[in-house]
Amino acid sequence: MPTTHLPILGRDVQRVVTPLEDGDFDADRVRLVRAESDPEQGRDPDDCAPGTPQTNARVARTASEALTTALDASVDEVRLPFHSSFAELYAATTDLLREAVADGHVDVNLSSAPPNVAAAFYAARTALVDSGAAEADAITLFHVPVTESLDLEVVSDLRNVVTDVAATRAALDEFERIAAGPGATAVVEPLRIALEDLRIALADASGDASTARQLRSARPSSRRGDTGLNAVLGRAREQLADLVESDPQIPDPAETRDPGAVLDALDAWVDGEVGLLSDVEKDPHELVDRFRESCEARFGKFEDEATVSLFESLGRFERHLDAYLDARAHLGAAYESVSKRASDLDERADAASARLADLDGTGAARGSDIYTFDRHTLAPLSDLEAVVLKVLSTGPPRSRPRARRAIAAELRERAEHHGIVAGARDGGPKSAFEAFCVGVARNSSEGESFETRLANNLRPRLDVAIEALTANGYVHPVAREVGRDAVEPTDAGRLWAQTTDWETFREEVVDDLLRDCVERELD
């Protein structure tokens, strides 16, 4: 008979796809069961509203593509009113199962189903089997328990962090652009002005009135008055400098660079060193020292206004240069640390993005084992049934006598625990239950006698409990060639045990059963 596979699609992908990919189940037809409120089939997730619609569309596309590849067949969808009343959801689920089972066997994967949807499929399968509309083995409900899960809120926060990292990187890139362009231009501008002042002062001191005039005309406003006398004195100084070349206090011109050439070199350095965040490749102080030596060689013997102005301009330029280099050093050092941390953060954000992309393909939960539910598993368990099921799920298959002894030993252990707690409490009257437990804890022979009585007295009640568990699909008998037949949990029973917190179970269910047994002892 053909088999229809109905995976309920929530936000998991791996647990929906793996049972078919691994060949645990065969399918002639696959129909993804989705909520009516989900985006339509095949819609691009990027076109959906951010949040739940976009996530559901992404999960549906990923699951559909993975199942199509695994089965080499098309995958269609069916919609159920996940968010409607339970009565409406149950009616639609029953109609879906009735239609599917009419064509053959039906496997339903409840791994990703919301609780109300899973309950609707349980109830619908039960109703169809009880009414005779479907054979008991025609509809298989199964579940892949979670072995690895992620907190969806943490995942959402991680997505926000990755987005913030990208925004921070964009802001840092913009900062780098400004630091290498408009910012660098603004910061270096005072140094350029000081260099222009120095060049004008050199022209004045050299008596080059034409050059000084051209330089001043290029400036927004004049910073000096009449320079006619300075020009005359400058020419005189040039002539005198030629006459006193042999003076030993003045360096040989061959060993001293022309000051104009040195200023040209400083101009070129300023043009080349405009990055505020990078290291200074070449220290310009050597050029400044050479300029000073050259000026001292040419004009050192003069003390006129132009010479004084030249060396004052040189001092101002050096102060601007030192401030500029100091700013570069501090900004470069600070940025190096920021840049390194930003690069590390980029790498981690890239790794997180890859992990998030993987989550888009697998979902936030993963699992491997498959549990099937072959019978009705909606009936609530009594305290004794729950204890029996928990004990049977903690070891190999047990015969009924061994199960009784294991339960009696568990109850005695809890009685001793309560006896120790009550005995250690100072003052105050003790209840009959506490007094009984104190006696069990303090007297080993009394404890052994209590355990034996429990094993014997529980026999008829245990037989009823095991029959109820068997009828409800939680346990089944295991035939043995030698010795008594055993009882072991079904997949439904193991799933129940796996999803039950043992410590809470002992404090609530086991203790309730113990109190009932002690009350029977005391009556």
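In this report, we go over the structure that sits alongside the text. Bear in mind the structure is a predicted one, so any value in this text is a computation, not a measurement. (Residues numbered from 1 in each chain as written. Predicted model: local features only at pLDDT ≥ 70, side-chain atom pairs only at ≥ 80, totals over all residues. Heavy atoms only, no water.)

1. Things to note about the overall build of the protein
Using the following cut-off: In this description a helix means any DSSP run of H or I spanning at least four residues, a strand means any run of E spanning at least two, and both kinds are numbered starting from the N terminus. Only protein chains enter the accessibility calculation, which uses a 1.4 Å probe. A residue is then buried if its area is under 20% of the maximum for its type, exposed if over 50%, and partly exposed in between. The contact criterion used is simple: two residues touch if any of their non-hydrogen atoms lie within 4.5 Å. Residue-level accessible areas treat just the shown protein chains as cover; the underlying method is Shrake-Rupley with a 1.4 Å probe.
Check the secondary structure of the protein and you find 17 helices and eleven strands. Looking at the protein as a whole, 43% of its 523 residues qualify as buried. In the protein, 77% of the contacts between residues at least 6 apart in sequence involve partners at least 24 apart. In the form shown here, the protein has an accessible surface area of approximately 27,300 Å², with 50% of it arising from carbon and sulfur atoms.

2. Observations regarding the environment of Ala66
Summarising the element assignment, Ala66 is placed in helix 2 (residues 52–71). Each C-alpha atom, one on Ala66 and one on Val13, is 8.9 Å from the other, the two residues being 53 residues apart in sequence.

3. Thoughts on the nonpolar core
Operational definition: Buried Ala, Val, Leu, Ile, Met, Phe, Trp, Tyr and Cys residues form a nonpolar core when they are joined through side-chain atoms within 4.5 Å.
Grouped together as the largest cluster of nonpolar side chains are 34 residues, with contacts concentrated most on Val387, Val388, Ile407, Leu411, Phe450, Val475 and Leu514. Elements that contribute at least two residues to this core include exactly helix 12 (383–392), helix 13 (400–424), helix 14 (432–442), helix 15 (444–471) and helix 17 (502–522). Among residues more than four places away in sequence, those in contact with Val387 are Ile407, Phe505, Val509, Val510 and Leu513.

4. Description of the pairing of strand 5 (residues 139–143)
The cut-off we apply is this: If DSSP finds at least two bridges between two strands, the strands pair.
Counting buried residues in strand 5 gives five out of five residues, a clear majority hidden from the surface. The two faces of strand 5 match: Ile139, Leu141 and His143 on one face and Thr140 and Phe142 on the other face are all buried. One ladder, built from four bridges, connects strand 4 (residues 105–109) with strand 5; its direction is parallel. Of the residues in strand 5, the one forming a bridge with Val106 is Ile139.

5. Some thoughts on the environment of Asp22
Here Asp22 is to be found in the loop between helix 1 (14–21) and strand 2 (29–35). In this structure Asp22 comes out as exposed when scored by relative accessible area, which is 54%. Asp22 sits 48 residues away from Ala70 along the chain, and the two C-alpha atoms are 8.9 Å apart.

6. Points about the pairing of strand 2
The two faces of a sheet get side chains in turn, since along a regular strand they alternate between them. Formally: Look down the strands so they point away from you; if going from the first strand over the helix to the second traces a clockwise path, that crossover is right-handed.
In terms of residue burial, strand 2 counts as a mostly covered element, since six of its seven residues are buried. Strand direction decides the pairing type here: strand 1 (residues 3–7) and strand 2, joined by two bridges, are parallel. When the bridges of strand 2 are listed, His5 appears paired with Val30. Following the backbone out of strand 1, through helix 1 and into the adjacent parallel strand 2, one traces a crossover that is right-handed. As paired elements, strand 2 and strand 3 (residues 75–80) share six bridges and run parallel to each other. Along strand 3, the bridge assignment pairs Val30 with Val75.

7. Let's talk about the packing of aromatic side chains
What counts is decided by this rule: Here a Phe, Tyr or Trp ring, Trp counted by its six-membered ring, pairs with any other such ring whose centre lies within 6.5 Å, and the pair is stacked when the planes are under 30 degrees apart, edge-to-face when over 60, and tilted otherwise. Each ring is checked for a lysine NZ or an arginine CZ that lies within 6 Å of its centre and within 35 degrees of its normal; such an atom marks a charge sitting over the ring.
Taken as a whole and assessed by the stated rule, the structure comprises five aromatic pairs. A ring pair is formed by Trp269 and Tyr324, whose centres lie 6.3 Å apart and whose planes are at 85°; its orientation type is edge-to-face. In this pair, Trp269 sits in helix 9 (residues 259–272) while Tyr324 sits in helix 11 (residues 305–362), placing the two residues 55 residues apart along the sequence. Side by side, Trp269 and Tyr324 carry an identical accessibility label, which is buried. Note on Phe436 and Phe450: the rings are 5.1 Å apart at their centroids and 75° apart in plane angle, and the pair reads as edge-to-face. Note that Phe436 is positioned in helix 14 and Phe450 in helix 15, a separation of 14 residues in sequence. The two residues Phe436 and Phe450 agree in class, both being buried. The ring of Phe433 carries Arg515 above its face, with NZ or CZ at 4.2 Å from the centroid.

8. Structural notes on a positive patch on the surface
Which entries qualify depends on this criterion: Each patch is built from residues that are more than 30% exposed by relative accessible area and take part in no salt bridge. Like charges join if they lie within 9 Å; nonpolar side chains (Val, Leu, Ile, Met, Phe, Trp, Tyr) join within 5 Å. Each reported salt bridge corresponds to a side-chain nitrogen of Lys or Arg within 4 Å of a carboxyl oxygen of Asp or Glu. Under the convention used here, Asp and Glu are negative, Lys and Arg are positive, and both His and the chain ends fall outside the count. By convention, the point assigned to a charge is CZ for Arg, NZ for Lys, CD for Glu and CG for Asp.
Together, Arg402, Arg405, Arg459, Arg480 and Arg484 give the surface a local cluster of positive charge. Mapped onto the elements of the fold, Arg402 is located in helix 13. The exposure class assigned to Arg402 is partly exposed, which follows from its relative accessible area of 41%.

9. Section: the pattern of salt bridges
Taken as a whole and judged by the stated rule, the model has 29 salt bridges. Ionic pairing is found between Arg298 and Asp258, a salt bridge with its closest N-O pair at 3.5 Å. Of this pair, Arg298 sits in helix 10 (residues 285–299) while Asp258 is found in the loop between helix 8 (228–243) and helix 9, placing the two residues 40 residues apart along the sequence. Assessed through its relative accessible area of 31%, Arg298 is described here as partly exposed.

10. Quick notes on helix 15
Put simply, the test is: Multiply 1.5 Å by the residue count of a helix minus one, and that product is the helix's expected span. Here the bend at a residue is taken as the angle between two axes, fitted respectively to the seven residues that end there and the seven that start there.
For helix 15, which comprises 28 residues, the first-to-last C-alpha distance of 38 Å matches the rise-based estimate of 40 Å (1.5 Å per residue) to within 8%. Within helix 15, the axis deviates most sharply at Arg459, by approximately 50°, and proline Pro460 lies no more than four positions further along. Listed as buried for helix 15 are Gly447, Phe450, Leu454, Ala455, Leu458, Leu462, Ala465, Ile466, Ala468, Leu469 and Thr470. Tucked inside the fold, the buried residues of helix 15 contact helix 12, helix 13, helix 14, strand 10 (475–478), strand 11 (486–489) and helix 17. Gly473 lies just past helix 15 and shows a positive phi near 80°.

11. Quick look at helix 1
The buried fraction of helix 1 is high, at seven of eight residues. Taken from the residues just after helix 1, Gly23 is the one with a positive phi, measuring 80°.

12. Details of the packing of helix 12 against helix 15
Two numbers describe a pair of packed helices, the interaxial angle and the distance between the axes. We count it as follows: Only the stretch in contact is used when fitting a helix axis, every axis being a line fitted to C-alpha atoms; angles between N-to-C directions are given from 0 to 180 degrees. Working rule for angles: under 35 degrees goes down as roughly parallel, over 145 as roughly antiparallel, 65 to 115 as roughly perpendicular, anything else as oblique. Amino acids outside the nonpolar list (Ala, Val, Leu, Ile, Met, Phe, Trp, Tyr, Cys, Pro) and the charged list (Asp, Glu, Lys, Arg) are all regarded as polar, and Gly is one of them.
Axis separation between helix 12 and helix 15 bottoms out at 9 Å; the angle between their running directions is 75°. Here helix 12 lies roughly perpendicular to helix 15, going by the angle between them. Contact with helix 12, carried on its side by Leu384, Glu385, Val388 and Leu389, involves Leu458, Arg461, Leu462, Ala465, Ile466, Ala468 and Leu469 of helix 15 and no other residues of that element. Considered class by class, the residues forming the contact of helix 12 with helix 15 number nine nonpolar, no polar and two charged.

13. Some points on the packing of helix 3 (residues 86–101) against helix 4 (residues 115–130)
Note the following rule: Note: crossing handedness is left-handed where the near helix turns anticlockwise from the far helix by less than a right angle, and right-handed where it turns clockwise.
Relative to each other, helix 3 and helix 4 sit at 55°, their axes nearing to 8 Å. Comparing the axis directions of helix 3 and helix 4 gives the class oblique. In this structure, helix 3 meets helix 4 at a crossing whose hand is right-handed. Contacts between helix 3 and helix 4 involve Phe86, Leu89, Tyr90, Thr93, Thr94, Leu96, Leu97 and Arg98 from the first element and Asn116, Val117, Ala119, Ala120, Phe121, Ala123, Ala124, Arg125, Ala127 and Leu128 from the second. Class assignment for the residues of the contact of helix 3 with helix 4 results in 13 nonpolar, three polar and two charged.

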